[in-house]
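# Structural overview
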Amino acid sequence: NNLTALNPEVINNPAIYNVLATKYHKADEIGVQINLGIFINLNEIEKHMKIYEFTRILGILLDNAIEAASECENKIIHVSFRKEQNRRRLLVIIDNTYKNKDINVDKIYEKGYSTKPNNTGLGLWEVNKIIKRHKNLACFTSKTPEYFKQQFEIYNE
């Protein structure tokens, strides 16, 4: 892993920096490679939602990506923060390798649905609860044979 990606001048929001640094090191310890691309001023997020809610969502999505990628031969996660000017939205895109190809992307946000033993995983249900409290947030999930993708969107209100 390339620690220069964890540059506080690029990751200019302390709360987001803390989450990214913590997850980056957690992934590194278990051999998961995180490729990080930040193409926005992260302080802009606070204009659209509470930072503690954003970091909660980011932490859950990264934890899930790290766990899924750790089970694969190629342990890779791509994280991108960017802005789409024409659609007036901020995007956080997390792509990770994954092993469980049978995962139902339509059910993963439901309470009680989990790929974890005894349905102990409530993270995405928590993400969904936060999103439902806001009109300007959305999260879309998709998958290809190689990558599982979470796209978290923050719209300008």
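Here the structure is shown first, and the text comes after it.
What you are looking at is a predicted structure, and each value in this text was computed from that prediction instead of being measured.

Cut-off values and rules
- Each chain carries its own residue numbering, running from 1 in the direction its sequence is written.
- Residue-level local features of this predicted model are given only where pLDDT is at least 70; pairs of side-chain atoms are given and counted only at 80 or more, and the full residue set underlies all totals for whole chains, interfaces and linings.
- For the side-chain quantities, the full set of heavy atoms in the structure was used; hydrogens and water were omitted.
- When a carboxyl oxygen of Asp or Glu lies within 4 Å of a side-chain nitrogen of Lys or Arg, that pair is called a salt bridge.
- Exposure categories follow from relative accessible area, calculated using a 1.4 Å probe and restricted to protein chains: below 20% of the type maximum is buried, above 50% is exposed, and the middle band is partly exposed.
- Here a strand is any run of E in DSSP of at least two residues, a helix any run of H or I of at least four, and the numbering for each starts at the N terminus.
- Only heavy atoms matter for contacts: two residues are in contact if any of them lie within 4.5 Å across the pair.
- Directions from the helix axis toward the C-beta atoms define the arc.
- Polar contacts here mean pairs of N or O atoms no more than 3.5 Å apart (in protein, one a potential hydrogen donor and the other a potential acceptor; neighbouring residues in sequence count only if both atoms are side-chain atoms).
- DSSP-based pairing: two strands are paired if at least 2 bridges between them are found.
- Take the number of residues in a helix, subtract one, and multiply by 1.5 Å to get its expected span.

Across all of its chains, the model carries eight salt bridges by this definition. A salt bridge links Arg 82 to Glu 84; the nearest nitrogen and oxygen atoms lie 4.0 Å apart. Relative accessible area serves as the criterion here: at 32%, Arg 82 is assigned to the partly exposed category. A residue is classified by how much of its surface remains accessible, and Glu 84, at 18% relative accessible area, is buried. The salt bridge partner of Lys 129 is Glu 126, with a shortest N-O separation of 3.8 Å.

Turning our eyes to something else, we now look at the environment of Tyr 155. Secondary-structure assignment places Tyr 155 in strand 5 (residues 147-155). Among the residues examined, Tyr 155 registers a relative accessible area of 24% and is labelled partly exposed. If sequence neighbours within four positions are ignored, Tyr 155 has contacts with His 48, Arg 88, Arg 89, Asn 136, Leu 137, Ala 138 and Phe 140.

In this section: helix 3 (residues 123-132). Along helix 3, the residues that are buried comprise Leu 124, Val 127, Ile 130 and Ile 131. Down the axis of helix 3, the buried set is contained in an arc of 115 degrees. They therefore lie on one face. On the buried face of helix 3, the contacting elements are helix 2 (51-70), strand 4 (137-143) and strand 5.

Mapping His 48 onto the fold places it in the loop between strand 1 (33-38) and helix 2. The exposure class assigned to His 48 is buried, which follows from its relative accessible area of 14%. Residues His 48 and Arg 89 lie 41 residues apart in sequence; the distance between their C-alpha atoms is 10.0 Å. Polar side-chain contacts of His 48 include one of 3.2 Å to the side chain of Asn 156.

What follows covers the pairing of strand 4. Pairing of strand 4 with strand 5 involves seven bridges; the strand directions are antiparallel. In the strand pairing of strand 5, Cys 139 is matched with Phe 152. Taking the residues between adjacent antiparallel strands as the criterion, strand 4 and strand 5 are bridged by three residues.

It is worth spelling out helix 1 (residues 14-29) at this point. Between its first and last C-alpha atoms helix 1 spans 22 Å; for 16 residues at 1.5 Å apiece the expected length is 22 Å, and the two agree. Listed as buried for helix 1 are Ile 16, Val 19, Leu 20, Ala 21, Lys 23, Tyr 24 and Ala 27. Residue Asn 13 occupies the N-cap position of helix 1, its side-chain oxygen lying 3.0 Å from the main-chain nitrogen of Ala 15. Following helix 1 by one or two positions, Gly 31 adopts a phi angle in the positive range, close to 80 degrees.

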